[in-house]
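Spelled out, the chains give:
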Amino acid sequence: MKFSCRRVCSLIVLAYFLFSIYAAYNVFFKTATVSRVHRVTASTLQPLRLDHGKDLVHSDETGDWNPWEEDEKLDTISLQQKHKVSVKVQERIAQNRPKVHKVQIWGKAAIGLYLWEHILEGQLEPADAAAQWREGELRSGKLHFSFYTGPAVVPGHIPLDTDSVLLVLNGREEQKISYATQWLQHVQTLVQAHQVLHVAVVLLGNEQCNNNWIEPYLRKHGGFVDLLFLVYDSPWVNEKDVYQWPLGVATYRRFPVVTPRSEMLNSRRPYLCNFLGTVYKNSSRVTVMEVLRREGLDKHCITTVRDKWLPHETGDSLRKYQEALLQSDVTLCPVGVNTECYRIYEACSYGSVPVVEDIVTPGNCGNSYVAQSAPLQLLKAMGAPFIFVKDWKELPAVLEKEIKMTLLEKHERRKKLVAWYSRFKLDLKEQLTDAIEHTFFKSG
């Protein structure tokens, strides 16, 4: 027993001796292992350098130690690099963003309202049509349009903030031409002073297409007008610098912008046809009325005629005219001085199919370089879904066919007409803006 106790004690002493030797070896002789924390601390003693040898990170002079300092500084560098990339991306987007060009429209003829409110779908302030000064703004493609109209809009009093102008003029008769010439001379002065660089004109031309008075103002004839949008079937039309423009609705009689509604498109209309207008002596309009009475068709149509043209409508006469369009399946459109008349476009507004007399009236209107289908070349080129007649003796057959049509067929045709007219106006808007963008701002 004594022997055993002595052996155990000896083993314990031996183990303690060996442990003491091992501990002394680790403390005085073995190389210390460097942990990650030690590496972070050591690295802070050397400054991190980037571009041009500038110190970005400095060691902590106070001796305080932050084990996450290296990660935080790397995160800061990453954020700075991301910011630089973001700035470059924004700059690239700004460079590639389409440039917007300002164009002023000076509406000095009633067709300017058809252009602004019906084609471009712009609004005017104030809304009162009798206001002395009205204006509006809108964006179309790369163009920012501003529109000015009214009696108070006179030469030299429009705030010019662009070098591009679209002038809307009336050149139908001598008095109107004289007034239009004053505006062109004013614009010419601005061009000579380098205040205006680009000029386009929308012109209500003469009904016999006698428009030679404006020719010297066109750039190709030594003038300053880059583009001409001309009403009626002028032989000048080439779709390069002269375009055909529609007559549109009679805005001077305050014919409104009509919004198609379900009731207008899907109702049963009580009358086959309508004609409200001036009947000139020895004109085809006399023939229309005779055919209706002779065939007993006048009871199926709304007809109100007068023998003298009146430039203005009363509120009551305008309301009756709109009701006639709304209550008739077709609208009779005999020629006047020209084949093209306001009634064609007004009928389209209410879904009443125009029955158009397809003959060229006396004068210089006719085929052009780009179309050989006069009259109404613009409407035909755009696929107008009208009924065309060469002689009003065809009218009884036309109305007989109307009587036989089902209500569903009439509804579908009405919707087709209204949809076509909406597309027609949109196409004109695109044609106008494209022509201006290409001619005025070729590099933009």
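If you're wondering where the values come from, they're calculated on a predicted model, not measured in any experiment. (Residues numbered from 1 in each chain as written. Predicted model: local features only at pLDDT ≥ 70, side-chain atom pairs only at ≥ 80, totals over all residues. Heavy atoms only, no water.)

## Thoughts on the overall build of the chain
To be explicit about the condition: A run of H or I in DSSP counts as a helix once it spans at least four residues, and a run of E counts as a strand once it spans at least two, with each numbered from the N terminus. Residue exposure (1.4 Å probe, protein chains only): buried if accessible area is under 20% of the type maximum, exposed if over 50%, otherwise partly exposed. Any two residues whose heavy atoms approach within 4.5 Å at even a single point are treated as in contact. Surface accessibility follows the Shrake-Rupley procedure with a 1.4 Å probe radius. Residue values consider only the protein chains on display as shielding.
Counting its regular elements, the chain contains 12 helices and 14 strands. Counting every position in the chain, which comprises 444 residues, the buried fraction comes to 45%. For the chain, long-range pairs separated by at least 24 residues make up 71% of all intrachain contacts whose partners lie at least 6 apart in sequence. Accessible surface, the chain: about 25000 Å² in total, of which carbon and sulfur atoms supply 55%.

## Section: the packing of aromatic side chains
The test is simple: Think of it this way: a Phe, Tyr or Trp ring, Trp meaning its six-membered ring, pairs with another when their centres are within 6.5 Å, and the plane angle makes it stacked under 30 degrees, edge-to-face over 60, tilted otherwise.
Tallied over the full model, the rule gives 17 aromatic pairs. Among the aromatic residues, ring-to-ring pairing joins Y114, Y345, F386, F388, W420, Y421 and F424 into one connected group.

## Quick word on the pattern of salt bridges
Note the following rule: For salt bridges, the criterion is a side-chain nitrogen of Lys or Arg within 4 Å of an Asp or Glu carboxyl oxygen.
Within this structure, the stated rule accounts for 15 salt bridges. One salt bridge connects E402 with R413, and the closest N-O pair in it is separated by 2.6 Å. In this pair, E402 is assigned in helix α11 (residues 395-404) and R413 in helix α12 (residues 407-440), connecting sequence segments 11 residues apart. As a salt-bridge pair, R423 and D427 come within 2.8 Å of each other at their nearest N and O atoms. Taken together, the positions of R423 and D427, both in helix α12 and four residues apart, correspond to about one turn of that helix. With relative accessibility at 43%, the residue R423 sits in the partly exposed group.

## Topic: the nonpolar core
Spelled out, the test is: Take the buried Ala, Val, Leu, Ile, Met, Phe, Trp, Tyr and Cys residues and link them wherever side-chain atoms come within 4.5 Å; each set so joined is a nonpolar core.
Ranked by size, the top nonpolar core spans 86 residues in total, and within it L115, L292 and I436 carry the most contacts. Excluding anything up to four places from it in sequence, L292 contacts C273, L297, D298, C301, T303, L332, L395 and L399. Counting 29 residues, the second largest nonpolar core, distinct from the first, contains W106, Y148, L167 and L184.

## Points about the pairing of strand β7 (residues 198-204)
Under the convention used in this document: Strand pairing is assigned whenever DSSP detects at least two bridges linking the two strands. We call a crossover right-handed when, viewed with both strands directed away from the observer, the connection leading from the first strand over the helix to the second proceeds clockwise.
Within β7, seven of the seven residues are buried, which leaves the element mostly enclosed by the surrounding structure. For strand β6 (residues 164-170) and β7, the ladder comprises seven bridges, and the chain directions are parallel. Directly across from V168, in β7, lies its bridge partner V202. With respect to chirality, the unit in which β6 leads through helix α5 (residues 174-192) into the neighbouring parallel β7 is right-handed. Pairing of β7 with strand β8 (residues 227-231) involves four bridges; the strand directions are parallel.

## Looking at the sheet that holds strand β10 (residues 271-278)
The following threshold applies: Orientation is described by lines fitted to C-alpha atoms, with helices fitted over the stretch in contact, and by angles between N-to-C directions that extend from 0 to 180 degrees.
One open sheet accounts for five strands, arranged β11-β10-β12-β13-β14; its pairing is parallel. The sheet terminates laterally at β11 (301-306) and β14 (387-389), the two strands that pair on one side only. Shown here is a sheet whose adjacent strand axes are inclined to one another by a mean of 20 degrees, direction ignored. Here strand β13 (residues 353-357) pairs with β14 via three bridges, running parallel. Residue pairing in the sheet places V356 in a bridge with F388 of β14.

## Side note on the packing of helix α4 (residues 111-119) against α12
Applicable threshold: Working definition: roughly parallel below 35 degrees, roughly antiparallel above 145 degrees, roughly perpendicular at 65 to 115 degrees, and oblique for all remaining angles. Crossing handedness is defined as follows: a turn of the near helix away from the far one that is anticlockwise and smaller than a right angle gives a left-handed crossing, while the clockwise case is right-handed. Throughout, the ten residues Ala, Val, Leu, Ile, Met, Phe, Trp, Tyr, Cys and Pro are labelled nonpolar, Asp, Glu, Lys and Arg are labelled charged, and all others, Gly among them, are labelled polar.
In the contact formed by α4 and α12, the axes pass within 10 Å of each other and the chain directions differ by 110 degrees. Judged on the interaxial angle alone, α12 and α4 are roughly perpendicular. The handedness of the crossing between α4 and α12 is left-handed. Mapping the contact onto sequence places Y114, L115, H118 and I119 in α4 and Y421, F424, K425, L428, K429 and L432 in α12. Tallied by class, residues from the contact of α4 with α12 come to seven nonpolar, one polar and two charged.

## Section: the sheet that holds β6
Through backbone hydrogen bonds, the strands of a sheet pair up, either in parallel or in antiparallel fashion. Strand order in this open sheet of seven strands is β4-β5-β3-β6-β7-β8-β9, and the pairing throughout is mixed. A strand with exactly one partner marks an edge of an open sheet, and here the two such strands are β4 (134-140) and β9 (242-245). Ignoring strand direction, the axes of neighbouring strands in this sheet form an average angle of 20 degrees. Two elements, β4 and strand β5 (residues 143-149), share seven bridges in a ladder whose sense is antiparallel. Each residue of the ladder has a partner; that of R134, found in β5, is T149. Helix-sheet contacts for α12 involve β3 (101-107), β4, β5, β6, β7, β8 and β9, and the interaxial angle to β8 is about 155 degrees.

## Regarding the pairing of β11
Sheet topology note: the β10/β11 ladder contains six bridges and is parallel. The residue of β11 that forms the bridge with C273 is C301. For the crossover that starts at β10, traverses helix α7 (residues 284-294) and ends in the parallel β11, the hand is right-handed.

## Notes on the environment of E412
Within the secondary structure layout, E412 lies in helix α12. Under the relative-accessibility criterion, E412 is labelled partly exposed at 43%.

## Regarding the side chain of T181
The residue T181 is located in helix α5 in this model. Other than its neighbours up to four places away in sequence, T181 contacts W213 and Y217.

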